[in-house]
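So you can see what is in the structure, the chains are spelled out below.
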Amino acid sequence: MYSLLLFVFIQALTGLAMVYALQLVISIHWAVHEGIITYNLMTSVERILKFSNLPEEPGYKTRAKPISAWPVKAACEFRNVTDGSDTLQNLSFVLRPKEKVAILGREGEKSAILSTLFHLSRPKGRIIIDNIDILNLNIQFLRSSISVIFREPFLFSGKLRTNLDPTEKFKDFQLWKALETVQLKTFIESLPGQLYYNVTDNKDIFSTSQKQLINLARTLLEGNKILVLYDALVNVDQETCELIQDIIRRKFRDATVLSLTNRLDTIVDFHRVMILDKGKIVEFEPPEYLLQRDSIFSHLYYNHHSD
């Protein structure tokens, strides 16, 4: 009888120990989970404090702006430009007014061109647009004077109208006209709220191609004389690609267009093509001239079309 009671007592203790062990595992899992959340939150606070103490970009306090509308002709010149990472090596070239130029090169070289043009980094040398050195201009004015369409289209959370007109400079009819040009008017009219549709209601309602067309509509509204395409046609479908190319030909014929891309089928009708290698220009001529001889561009083009 005593042995039976002892056995039952031991079994009870074992069961109790297992229950407490299970509760301990659950507590440890909860503690680890909360610890990770706390670490992430504190890291966010640390980054906010770090970014809030960063020095201002050069050019924010500069008040220098052209007296009249700028740019008008949109002639652009790089004079011995070397970026902060030395990706570009004393780069010098001239873009004539209304010229359409494609720049082919490595990813770092293309991003360095964009970085220097928008004053994201302080380069050595000079960048002249319509006889004005842009490195001496107010940086916000400079960036608002040049339009850019990126590879990855994105929409801001909020109303669709805000995505088209962030500064609320335009009337609704102007926005509808831009949407009609990019062939999105019918689709936007089908949305609840239309121009006031809340993008955060369903972020997946717009395809990648539609997002890029919305970005193009915003660019049309801006009406700037310089347009930069940074691999803008890489992630869109073929129909949208052809539509965007047609709109650029028609609506930006009086603008200087700079396409940073390696998609060769989108640039054969450009005025000139520039090939970069190790931060230097190795070819810079009209594409039809380059295709007629043994050039880097002709090799790239014919290899692309033979695949």
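The coordinates are above.
Being a predicted model, the structure only gives us computed values, none of them experimental.

1. Description of the nonpolar core
Okay, so step 1: Leu164 and Phe297 are the most contacted members of the largest nonpolar core, which has 45 residues in total.
Okay, so step 2: Mapped onto this core, the elements with two or more residues apiece are strand E3 (100–104), helix H4 (160–164), helix H5 (172–181), helix H7 (208–222), strand E7 (226–230), helix H8 (238–251), strand E9 (272–277) and helix H10 (296–306).
Okay, so step 3: The next biggest cluster of nonpolar side chains, apart from the first, holds 32 residues, and it includes Leu135, Leu142, Ile226 and Met274.

2. A short note on the environment of Trp30
Okay, so step 1: Looking at where Trp30 falls in the secondary structure, it is placed in helix H1 (residues 2–52).
Okay, so step 2: Expressed as a C-alpha distance, the spacing of Trp30 and Met42, which sit 12 residues apart in the sequence, is 18 Å.

3. Side note on the sheet that holds strand E5 (residues 132–133)
Okay, so step 1: Sheet architecture is open: four strands sit in the order E2-E1-E4-E5, paired in antiparallel fashion. The strands lining the two open edges of the sheet, one partner per strand, are strand E2 (91–95) and E5.
Okay, so step 2: In this structure, strand E1 (residues 76–82) lies alongside E2, joined through four bridges in antiparallel fashion. Paired with Val81 across the bridge in E2 is Leu91.
Okay, so step 3: Its contacts with the sheet place helix H2 (residues 107–117) against E1, E2 and strand E4 (124–129), and it is angled at close to 110° to E1.

4. Points about the pattern of salt bridges
Okay, so step 1: Counting across every chain of the model gives 17 salt bridges.
Okay, so step 2: Residues Arg106 and Glu109 are paired through a salt bridge, measuring 4.0 Å at the closest nitrogen-oxygen approach.
Okay, so step 3: Between Arg249 and Asp269 there is a salt bridge, with the nearest N and O atoms lying 2.6 Å from each other. Placement of Arg249 in helix H8 and of Asp269 in the loop between strand E8 (256–260) and E9 is noted, with a sequence separation of 20 residues between them.
Okay, so step 4: Overlapping salt bridges, with partners in common, bring together Glu107, Lys110, Arg151 and Asp231 in one network.

5. Quick look at a nonpolar patch on the surface
Okay, so step 1: Together, Leu24, Ile28, Val32 and Ile36 make up a nonpolar patch on the protein surface, roughly 370 Å² of accessible area in all.
Okay, so step 2: Within the secondary structure layout, Ile36 lies in helix H1.
Okay, so step 3: A residue is classified by how much of its surface remains accessible, and Ile36, at 48% relative accessible area, is partly exposed.

6. A short note on the sheet that holds E8
Okay, so step 1: Pairing in this open sheet of six strands is mixed, and the strands run E6-E7-E8-E3-E9-E10 from one edge to the other. What marks the edges here is a single partner per strand, and that holds for strand E6 (147–149) and strand E10 (280–285). Averaged over all pairs of adjacent strands, the angle between strand axes in this sheet comes to 20°, irrespective of strand direction.
Okay, so step 2: Examined bridge by bridge, E3 and E8 share four bridges and lie parallel to one another.

7. Things to note about H2
Okay, so step 1: The buried fraction of H2 amounts to eight of the 11 residues, a majority that puts the element mostly inside the structure.
Okay, so step 2: Taken together, the buried positions of H2 are Glu109, Lys110, Ala112, Ile113, Leu114, Ser115, Thr116 and Leu117.

8. Considering the environment of His33
Okay, so step 1: You can see His33 is positioned in helix H1.
Okay, so step 2: Residue classification places His33 among the partly exposed residues on the basis of a relative accessible area of 41%.
Okay, so step 3: For the pair formed by His33 and Val94, sequence separation is 61 residues and the distance between their alpha carbons is 57 Å.

9. Quick word on the layout of surface pockets
Okay, so step 1: Space inside the largest pocket adds up to approximately 690 Å³.
Okay, so step 2: Among the elements of the structure, helix H3 (139–144), E6 and H7 are those that each provide at least two residues to the lining of the largest pocket.
Okay, so step 3: The biggest single contributor to the lining of the largest pocket is H7, with five residues.
Okay, so step 4: Across the lining of the largest pocket, the residue classes tally to 13 nonpolar, seven polar and six charged.

10. A short note on the packing of H7 against H8
Okay, so step 1: Between H7 and H8, the shortest axis-to-axis distance is 11 Å and the interhelical angle comes to 10°. Taken together, the axes of H7 and H8 lie roughly parallel to each other. Between H7, through Ser209, Gln212, Leu213, Leu216 and Leu220, and H8, the contact on the second element is made entirely by Thr240, Leu243, Ile244, Ile247 and Lys251.
Okay, so step 2: Of the residues belonging to the contact of H7 with H8, the class tally is six nonpolar, three polar and one charged.

11. A few points about H8
Okay, so step 1: Compared with the 20 Å implied by 1.5 Å per residue over 14 residues, the 20 Å span of H8 between its first and last C-alpha is a close match.
Okay, so step 2: The complete set of buried residues in H8 reads Thr240, Cys241, Leu243, Ile244, Gln245, Ile247 and Ile248.

About the criteria used
- Residues numbered from 1 in each chain as written.
- Predicted model: local features only at pLDDT ≥ 70, side-chain atom pairs only at ≥ 80, totals over all residues.
- Heavy atoms only, no water.
- Core = buried A, V, L, I, M, F, W, Y, C linked by side-chain atoms within 4.5 Å.
- Buried < 20%, exposed > 50% of the residue type's maximum accessible area, 1.4 Å probe, protein only.
- Helix = DSSP H or I, 4+ residues; strand = E, 2+ residues; numbered from the N terminus.
- Pairing = 2+ DSSP bridges.
- Contact = heavy atoms within 4.5 Å.
- Axes fitted to C-alpha atoms, helices over the stretch in contact; angles between N-to-C directions.
- Salt bridge = Lys/Arg side-chain N within 4 Å of Asp/Glu carboxyl O.
- Patch = residues over 30% accessible without salt bridge, like charges linked within 9 Å, V, L, I, M, F, W, Y side chains within 5 Å.
- Areas by Shrake-Rupley, 256 points an atom, 1.4 Å probe, with all protein chains shown as cover.
- 1 Å grid on protein atoms, 1.4 Å probe; cavity = no way out; pocket = protein on both sides within 12 Å on 5 of 7 lines; lining within 4 Å.
- Points joined across faces, edges and corners; volume = space filled by probe spheres on them.
- Nonpolar A, V, L, I, M, F, W, Y, C, P; charged D, E, K, R; others polar.
- Parallel < 35°, antiparallel > 145°, perpendicular 65-115°, else oblique.
- Expected span 1.5 Å × (residues − 1).

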